Amino acid sequence: MKYIVAIIQPHRLDAVREALTGFGVSGMTVSEVKGYGRQGGHTEIYRGAEYKINFVPKLKIEIAVPSATSEQAVEAISRAANSGKIGDGKIFVFDLLDVMRIRTRETGEDAL
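In this report, the structure presented in the accompanying data block is examined. Note that this is a predicted model, so its numbers are computed, not measured.

To continue, consider the sheet that holds strand β5 (residues 56-65). Taken in spatial order, the four strands of this open sheet run β2-β5-β1-β6, and their pairing is antiparallel. Edge positions in the sheet fall to β2 (29-35) and β6 (89-95), since each has one partner strand and no second. Neighbour-to-neighbour, the strand axes of the sheet open up by a mean angle of 20 degrees, direction not taken into account. Both strand β1 (residues 2-8) and β5 contribute to a ladder of seven bridges, which runs antiparallel. Bridge pairing in β5 places Val5 opposite Glu62. Strands in contact with helix α1 (residues 13-22) are β1, β2 and β5; relative to β5, the strand with the most contacts, it is inclined by about 10 degrees. The strands touched by helix α2 (residues 70-81) within the sheet are β1, β5 and β6, with β1 carrying the most contacts at an inclination of about 5 degrees.

Structure follows, in structure tokens:
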């Protein structure tokens, strides 16, 4: 099993959700986060004054998938989140040792 964490632009969430649902991902966790990468933030003008925004708003998506479909999931996220501009985000893939569904006590891929 794999645990996939993707940091994406907020306006790309619906496209990513539809792409993942399209091939069978049944659930995800989404968190609002702030951060910066190579873009280093940006500047905004508010009431005539310029402000440096160091941390850019992003969304963090977390999903757990069987190993056999992890490459499909990464490709789906990549295609759906890509705008071609700086700040599109990153995808991290981790090995997932075990998982348990609390209600039924199912473990492993059965719990996904």
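Let us keep going from here.
Any two side chains of opposite charge can pair if their charged atoms end up close together. Summed over all chains, the structure comprises three salt bridges. Across the salt bridge formed by Asp95 and Lys2, the nearest N and O atoms sit 2.5 Å from each other. Of the two residues, Asp95 sits in strand β6 while Lys2 sits in strand β1, which places them 93 residues apart along the sequence. Residue Asp95 is classed as exposed on the basis of its relative accessible area, which comes to 59%. A salt bridge links Arg79 to Glu75; the nearest nitrogen and oxygen atoms lie 3.3 Å apart. Taken together, the residues Arg79 and Glu75, both in helix α2 and four residues apart, mark about one turn of the helix. Exposure remark for Glu75: the relative accessible area of 39% places this residue in the partly exposed category.

Analysis parameters
Residues numbered from 1 in each chain as written. Predicted model: local features only at pLDDT ≥ 70, side-chain atom pairs only at ≥ 80, totals over all residues. Heavy atoms only, no water. Pairing = 2+ DSSP bridges. Helix = DSSP H or I, 4+ residues; strand = E, 2+ residues; numbered from the N terminus. Axes fitted to C-alpha atoms, helices over the stretch in contact; angles between N-to-C directions. Contact = heavy atoms within 4.5 Å. Salt bridge = Lys/Arg side-chain N within 4 Å of Asp/Glu carboxyl O. Buried < 20%, exposed > 50% of the residue type's maximum accessible area, 1.4 Å probe, protein only.

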